Amino acid sequence: MRDAVRARLLRLSPDRLWAHYCLALAITLCLIFTTHAINRSIILHSISEPNGTMIAYLAQIQWLILALSVSVLLAEAVLIFLPAYLVVQSNLQSLRDQAKSLTKAKHQLQQMNCRLVHLSNHDRLTGLPNRGHLITLMKNQVNQLIADKHSFLIVGLDRFKSLNDSIGHETADALLIDIADTLKKCINDEDTIARVGGDEFAIITNEPADVMLRRLFAAIKTPFKVQGRTLKINASVGYLIMDRNRIDPVRILGDAGIALQVAKSKGADRAQLFTPELRENAGLQQILQLELPDAIRNGELEPWFQPQLRMADGSLHGVEVLARWHHPTRGVLTPDVFLLAAERSGMMIEMDHAIWKSAMTHAQSWQSLGLWRPVISLNAGPDTLSDPYLIERFLIVLRKCGLSPDQIIVEVLENTVIFGAGDMVTLNIDSLAECGIAIELDDFGTGYASLCRLTQLPLTGLKLDRSLVALLPEAGAGSIVRAILTLAAELGLRVVAEGIEDAQQANHLVQTGCKIGQGFGFVRPMPAQEFQAWLGKHASVPGLSGHIPMPLVKQA
């Protein structure tokens, strides 16, 4: 009841309260004037008429008017001043509540602003400073960093995109968090680490670069256990020493990024120091990156062929197909010049298929001419082997060219096999093998493929990396080569030695039991027309494997 009356009083408008006040004031004034008139009458009657009857009557009227005055005053207090008081108190309370709300909102806004500032300066996944914040820190401390000759490093995870697709984004994010924590443990409190890309981390340290590199590579090589899975990851590093010639943080990041891309192009688990020559080459890469799509459409990408020989008698085993870019103004470019541009432009799959199609077309023509029943080895990059449409596209070209599956060998890089475990790469390798296409593991001896992994893949052969062949006949390299040949024999795998350049290497391989070799010491890669002429000159029996002289072996 009390609350209802209070609520009703609060609903009175100021205009209505003002009208009530004016009415009460008028009534009060009237009563005052009436009381004044009665008082005068009482005084006059008391003088002129001693009779007290009239005086008593007037006194009663006076008391009545006084009672009315009191009633009017009470009504004014209840109907006017009490609602006004309640309204004022209510407004004051509302102002107090608003002040509290504003104070709370201000505090929340400050907290939110702090969070927004933190989010704008830090990576949401790892909590590390982001690229923008790193640039700001470098601008504020550039003089000190240069004076102390700090090292600037960018760590990039090798083939992380392929790994991300195979293990899923959730697991990949968890892996990135673990890697960020691992990298933080590699630096001192005075050093700075930031995440500057999807799989790239920047480190500023006052330690010598070689010391930091050893620590980083050792930490990254340790397998990571993420969500019940054991994952191996490699990293490449681009780095430089900060000096007076580089004071712009953006340029420092760019230079280190260029060195990182060069390190990645040389293979996994590499470090590359930035030099001015790398920037010049980066400009060339940008130009080639823009020109490559048209080059593929115009047929400027062409296959070259390097024979693989049976070293026991010099007969032709097969040819490896190598990519060359017949550039209209730069001449013939080798893959070490344009491969990085192909990777950056996302044209690796198109480039591989263009080279394969052209190579198989030439091979079919040589077979039709009766020069040779070709066996060609095709190089497949990581992106191509991850293509879900690889098998369909490959078999369509193979059928159109009229070659048999047993005439094709697909060479797979060792690191592609490592990082492709359990994903589309493995599925495509198995599918190619089921189609009757031979699979060889390229550059064997440079990666970290486990022996168990070799038994799980449908391999038919190994390619002995040129870095091992180049060391022959040194005792250490010879022992490794013998061990690989023994392992391959136990697994029933064919071994092809690449990069043979002199007689000593060739003879050592023959004596060790390696049956097939290729290299500049025998025959250099040739374009299709030149290789066709070479076939016509050296093929002793049309339609069969030709017999090729091997002067390197005979000279030994």
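First, a word on scope: everything that follows refers to the structure included in this document. Here the structure is a predicted model, which means the values were calculated and not measured.

Calculation criteria
- Each residue is numbered by its place in its chain's sequence as written, counting from 1.
- In view of the model being predicted, local features appear only for residues whose pLDDT reaches at least 70, and side-chain atom pairs are presented and counted only at 80 or more, with totals across whole chains, interfaces and linings using the full set of residues.
- Think of the side-chain values as coming from all heavy atoms in the structure, minus any hydrogens and water.
- When DSSP locates at least two bridges between a pair of strands, those strands are taken to pair.
- Strands here are runs of E lasting at least two residues and helices are runs of H or I lasting at least four, both read from the DSSP assignment and numbered beginning at the N terminus.
- Axis lines are fitted to C-alpha atoms, over the contacting stretch for helices. Their N-to-C directions set the angle, which ranges from 0 to 180 degrees.
- The contact rule is simple, with two residues in contact once any of their heavy atoms fall within 4.5 Å.
- Only protein chains enter the accessibility calculation, which uses a 1.4 Å probe. A residue is then buried if its area is under 20% of the maximum for its type, exposed if over 50%, and partly exposed in between.
- Just so you know how the angles are binned, under 35 degrees is roughly parallel, over 145 roughly antiparallel, 65 to 115 roughly perpendicular, and the rest oblique.
- Three classes are used: nonpolar for Ala, Val, Leu, Ile, Met, Phe, Trp, Tyr, Cys and Pro, charged for Asp, Glu, Lys and Arg, and polar for all others, with Gly counted as polar.
- Whether two aromatic rings pair depends on their centres lying within 6.5 Å, for rings of Phe, Tyr and Trp, where Trp uses its six-membered ring; planes under 30 degrees apart make the pair stacked, over 60 edge-to-face, and the rest tilted.
- Positive charges come from Lys and Arg, negative ones from Asp and Glu, while His and the chain ends are left out of the count.
- Put simply, a salt bridge is a Lys or Arg side-chain nitrogen that is within 4 Å of an Asp or Glu carboxyl oxygen.
- In this scheme, a crossing is called left-handed if the near helix is turned counterclockwise away from the far one by less than a right angle; it is called right-handed if the turn is clockwise.

### Quick notes on the sheet that holds strand β2 (residues 192-195)
Reasoning step 1: Strand order in this open sheet of five strands is β2-β3-β1-β6-β7, and the pairing throughout is mixed. Of all strands in the sheet, those bounded by a partner on one side alone are β2 and β7 (271-273). Adjacent strand axes in the sheet meet at a mean angle of 20 degrees, parallel and antiparallel pairs treated alike.
Reasoning step 2: Pairing of strand β1 (residues 151-157) with strand β3 (residues 200-205), which is carried by six bridges, proceeds in the antiparallel orientation. Its bridge partner lying in β3, I154 is registered against A202.
Reasoning step 3: Contacts from helix α6 (residues 169-185) reach β1, β2 and β3, with the element oriented near 10 degrees to β3.

### Structural notes on unusual backbone geometry
Reasoning step 1: That bond from L472 to P473 is cis: its omega, 5 degrees, falls within 30 degrees of zero.
Reasoning step 2: Counting through the fold element by element, P473 comes out in the loop between α17 (466-469) and α18 (475-491).
Reasoning step 3: Not every positive phi belongs to a glycine, and Q227 is a case in point at roughly 50 degrees.
Reasoning step 4: Position of Q227 relative to the elements: it lies in the loop between β4 (224-226) and β5 (229-231).
Reasoning step 5: Judged by its relative accessible area of 49%, Q227 falls in the partly exposed class.

### Examining the packing of helix α4 (residues 131-147) against helix α8 (residues 249-265)
Reasoning step 1: Interaxial distance between α4 and α8 falls to 9 Å at its minimum, and their mutual angle equals 120 degrees. Taken together, the axis directions place α4 and α8 in an arrangement best described as oblique. Residues R131, L134, I135, M138 and K139 of α4 lie in contact with α8, whose contacting residues are P249, V250, I252 and L253.
Reasoning step 2: Here the residues of the contact of α4 with α8 are counted per class, giving seven nonpolar, no polar and two charged.

### Let's talk about the packing of aromatic side chains
Reasoning step 1: Evaluated as defined, the whole model comprises seven aromatic pairs.
Reasoning step 2: An angle of 75 degrees between the planes, with centres 6.1 Å apart, marks the rings of W372 and F531 as edge-to-face. One end of the pair, W372, is in the loop between α11 (348-368) and β11 (376-380); the other, F531, is in helix α20 (residues 528-538), and 159 residues separate them in sequence. Of the two residues, W372 and F531, neither departs from the other in class, the shared state being buried.
Reasoning step 3: These aromatic residues form a ring-pair network of at least three members: F305, W366, W372, F531 and W534.

### Considering the side chain of D199
Reasoning step 1: Note on placement: D199 falls in the loop between β2 and β3.
Reasoning step 2: One buried charged residue, D199, remains without a salt bridge, the closest side chain of opposite sign being K264 at 4.8 Å.
Reasoning step 3: When neighbours within four sequence positions are excluded, D199 is seen to be in contact with V155, G156, L157 and F160.

### With respect to helix α5 (residues 160-167)
Reasoning step 1: With respect to burial, α5 is a largely interior element, six of its eight residues being buried.
Reasoning step 2: F160, S162, L163, N164, S166 and I167 are the residues of α5 that are buried.
Reasoning step 3: Taken from the residues just after α5, G168 is the one with a positive phi, measuring 95 degrees.

### Quick word on the packing of helix α13 (residues 390-401) against helix α15 (residues 424-434)
Reasoning step 1: Orientation of α13 relative to α15, taken along the N-to-C sense of each, is 30 degrees, at an axis distance of 10 Å. Here α13 lies roughly parallel to α15, going by the angle between them. The two elements α13 and α15 cross, and the hand of that crossing is right-handed. Within the contact between the two elements, α13 uses L390, I391 and F394 and α15 uses N428, S431 and L432.
Reasoning step 2: Each residue belonging to the contact of α13 with α15 can be placed in one class, and the counts come to four nonpolar, two polar and no charged.

It is worth stressing that arrangement in space is one thing and function is another; only the former is reported here.
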